[in-house]
Amino acid sequence: MIIEINKDIEKYQESVAMGLSAKQLAYSILALGSGCIIVFLLYEKIGLTFSCYVAVPIVAPIALCGFYSYNGMGFREVFTRYMRSIFRNKALVFQSGGYREMVSEIKAKEEAEKRAAARKAKEERKRMQKGKVKSRVRCLFKKKA
């Protein structure tokens, strides 16, 4: 005896009627019923074609609620998240808590580096002057000797 098991158990759907799940069957009946009611109510006033044009935008979301699924979410959840992302998004603004302290620290480091560079330059000049004085003194002693 061989029993066939779906390889992907998570995607298994139990069919109620005509290969549709209970949710799909309920929403398809609801969409079909609402579409028929809209067409019958508007048929005498605006004609068959225009009553169908009015019914489609009402019937389509009802049918999508039963059949559409994205990442495990139904149509209503996907649609509400999409609308939130369009209309409720706030602008992302950078707000630093320690900006002034950070700038003052950077300026203090730069000042310290400038002072250190000036001190090095001053010491280098002193060494150069001492070296020049020593070389002049040596030159003087060599000439005399």
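Residues numbered from 1 in each chain as written. Predicted model: local features only at pLDDT ≥ 70, side-chain atom pairs only at ≥ 80, totals over all residues. Heavy atoms only, no water.

## Focus: the overall build of the chain
The secondary structure content of the chain amounts to four helices and two strands. Over its C-alpha atoms the chain spans a radius of gyration of 42 Å, topping by over 25% the 15 Å that the globule rule assigns to 145 residues. Across its three principal axes, the chain shows a C-alpha extent of roughly 130 × 60 × 30 Å. Counting the 145 residues in the chain, one finds 11% classified as buried. Partitioning the intrachain contacts of the chain with sequence separation of at least 6 by distance along the chain shows that 36% fall at a separation of at least 24. Carbon and sulfur atoms provide 61% of the accessible area of the chain, an area that totals close to 13,700 Å². Side chains of the chain give 28 positive and 13 negative charges; the mean places of these two sets differ by 24 Å. (Helix = DSSP H or I, 4+ residues; strand = E, 2+ residues; numbered from the N terminus. Rg over C-alpha atoms; globule rule 2.2 N^0.38 Å. Buried < 20%, exposed > 50% of the residue type's maximum accessible area, 1.4 Å probe, protein only. Contact = heavy atoms within 4.5 Å. Areas by Shrake-Rupley, 256 points an atom, 1.4 Å probe, with all protein chains shown as cover. Lys, Arg positive; Asp, Glu negative; His and termini not counted. Charge placed at Lys NZ, Arg CZ, Asp CG, Glu CD.)

## As for the side chain of Ser34
In this fold, Ser34 is placed in helix 1 (residues 22–46). Overall, the relative accessible area of 18% leaves Ser34 in the buried class. The residues contacting Ser34, other than those within four sequence positions of it, are Val59 and Ile62.

## Considerations on the environment of Ile46
Residue placement: Ile46 occurs in helix 1. Using a relative accessible area of 38% as the deciding quantity, one classes Ile46 as partly exposed. Residues within four places of Ile46 in sequence aside, it is in contact with Ser51 and Val54.

## Details of the packing of helix 1 against helix 2 (residues 48–67)
Viewed as axis vectors pointing N to C, helix 1 and helix 2 meet at an angle of 165°, and their least axial separation amounts to 8 Å. The orientation of helix 1 relative to helix 2 falls into the category roughly antiparallel. Between helix 1 and helix 2 the crossing geometry is right-handed. A class-by-class count of the residues in the contact of helix 1 with helix 2 yields 19 nonpolar, six polar and one charged. (Axes fitted to C-alpha atoms, helices over the stretch in contact; angles between N-to-C directions. Parallel < 35°, antiparallel > 145°, perpendicular 65-115°, else oblique. Left-handed = near helix turned anticlockwise from the far one by under 90°. Nonpolar A, V, L, I, M, F, W, Y, C, P; charged D, E, K, R; others polar.)

## Section: the packing of aromatic side chains
Under the counting rule described, the total for this entry stands at three aromatic pairs. Ring plane angle 65° and centroid distance 6.1 Å describe the contact between Phe50 and Tyr53, whose orientation is recorded as edge-to-face. Taken together, the positions of Phe50 and Tyr53, both in helix 2 and three residues apart, correspond to about one turn of that helix. Grouping residues by exposure puts Phe50 and Tyr53 together as exposed. Between Tyr68 and Phe75, the ring centres sit 6.1 Å apart and the planes meet at 85°, which makes this aromatic pair edge-to-face. Residue classification places Tyr68 among the partly exposed residues on the basis of a relative accessible area of 34%. A connected cluster of aromatic rings, assembled from ring pairs, spans Tyr68, Phe75 and Phe79. (Phe/Tyr/Trp six-rings, centres within 6.5 Å; stacked < 30°, edge-to-face > 60°.)

That's the geometry; what it means functionally is another story.
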